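# What the coordinates show
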Amino acid sequence: MGVPQVNFALDTYECIVIYPGAAGRALPGETVQRLQAEHSEHMQALQRRGIVLVAGSVDGPAREPDPPIGFGLARTGSVDDVRSVLEADPAVQAGLYRVEVLTFLCPAGSLEFPLVKAGS
């Protein structure tokens, strides 16, 4: 599809979408809890390193059978780099979650991340 032709500047981000993984339903409850905690720690570390700008859970009606359960934005300039660090997430490696990373374009300057600025 490519970059839309518009008469204003665009900012480019990497859009992170997290889905339930294929192995999630088969994992014991205590393993799921441990992996969820490790996932949270992994995402927080990526935020501290400035790779992920914002991330969180999503909830509510969505298309079935595989609605997204998490969303985030990064700004590294590389979908592949973001995918690589997310695939290192213990919960992704165990199959509890799976991730997709897409390019997200929006009008330049339309998003701010005050927690990132406060942490730097």
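The preceding data block contains the structure.
Residues numbered from 1 in each chain as written. Predicted model: local features only at pLDDT ≥ 70, side-chain atom pairs only at ≥ 80, totals over all residues. Heavy atoms only, no water.

## What to know about the nonpolar core
Residues Ile-16, Leu-46, Val-52, Val-82, Leu-86, Leu-96 and Tyr-97 are the most contacted members of the largest nonpolar core, which totals 18 residues. Of all the secondary structure elements, the ones that give two or more residues to this core are β1 (10–20), α1 (29–48), α2 (79–87), α3 (90–93) and β4 (97–107). In terms of residue count, α1 provides more of this core than any other element does, four residues in total. Residues contacting Tyr-97, with those up to four places away along its chain left out, are Ile-18, Tyr-19, Pro-20, Gly-21, Gln-36, His-39, Ile-69, Ala-91 and Val-92. (Core = buried A, V, L, I, M, F, W, Y, C linked by side-chain atoms within 4.5 Å. Buried < 20%, exposed > 50% of the residue type's maximum accessible area, 1.4 Å probe, protein only. Helix = DSSP H or I, 4+ residues; strand = E, 2+ residues; numbered from the N terminus. Contact = heavy atoms within 4.5 Å.)

## As for the sheet that holds β1
Strands in a sheet are paired, the pairing made by backbone hydrogen bonds, and the direction either parallel or antiparallel. A sheet is described by the order of its strands in space; here four strands give the open sequence β2-β3-β1-β4, paired in antiparallel fashion. Both outer strands of the open sheet, β2 (52–57) and β4, are each paired with one neighbouring strand and no more. Averaged over all pairs of adjacent strands, the angle between strand axes in this sheet comes to 20°, irrespective of strand direction. Strands in contact with α1 are β1, β2 and β4; relative to β2, the strand with the most contacts, it is inclined by about 155°. Seen against the sheet, α2 touches β1, β3 (70–74) and β4 and runs at an angle of roughly 150° to β4. (Pairing = 2+ DSSP bridges. Axes fitted to C-alpha atoms, helices over the stretch in contact; angles between N-to-C directions.)

## Here we look at the state of the cysteines
Tallied over the entire structure, the rule returns zero disulfides. Summary of cysteine pairing: Cys-106 is not part of a disulfide, and the nearest cysteine sulfur, belonging to Cys-15, is at 11 Å. Its relative accessible area of 7% is what places Cys-106 among the buried residues. (Disulfide = S-S within 2.5 Å.)

## A few points about α2
Residues spaced three or four apart along an α-helix face the same direction, because each turn holds 3.6 residues. All of the buried residues along α2 are Val-82, Val-85 and Leu-86. One side of α2 holds all its buried residues, which, seen down the axis, span an arc of 100°. In the core, the buried residues of α2 are packed alongside β1, α1, β3, α3 and β4. (Arc of directions from axis to C-beta.)

## Quick look at the pattern of salt bridges
In the structure shown here, the tally under the stated rule is four salt bridges. A salt bridge links Arg-34 to Glu-38, with the shortest nitrogen-to-oxygen separation between them at 3.1 Å. Placement of both Arg-34 and Glu-38 in helix α1 is noted, with a separation of four residues, approximately one turn of the helix. For Arg-34, a relative accessible area of 43% corresponds to the partly exposed category. Residues Glu-100 and Arg-98 are paired through a salt bridge, measuring 3.3 Å at the closest nitrogen-oxygen approach. (Salt bridge = Lys/Arg side-chain N within 4 Å of Asp/Glu carboxyl O.)

## Comments concerning the packing of aromatic side chains
Scanning the model with the defined rule gives two aromatic pairs in all. Residues Tyr-13 and Phe-104 carry aromatic rings whose centres are separated by 6.4 Å and whose planes lie at 45° to one another, so their mutual orientation is tilted. With Tyr-13 in strand β1 and Phe-104 in strand β4, the pair connects residues that are 91 residues apart, well separated along the chain. With relative accessibility at 31%, the residue Phe-104 sits in the partly exposed group. Three or more aromatic residues joined by ring pairs form one cluster here, namely Tyr-13, Phe-104 and Phe-113. Residue placement shows Arg-98 over the ring face of Tyr-19; its charged tip is 4.3 Å from the ring centre. (Phe/Tyr/Trp six-rings, centres within 6.5 Å; stacked < 30°, edge-to-face > 60°. Lys NZ or Arg CZ within 6 Å of the ring centre and 35° of its normal.)

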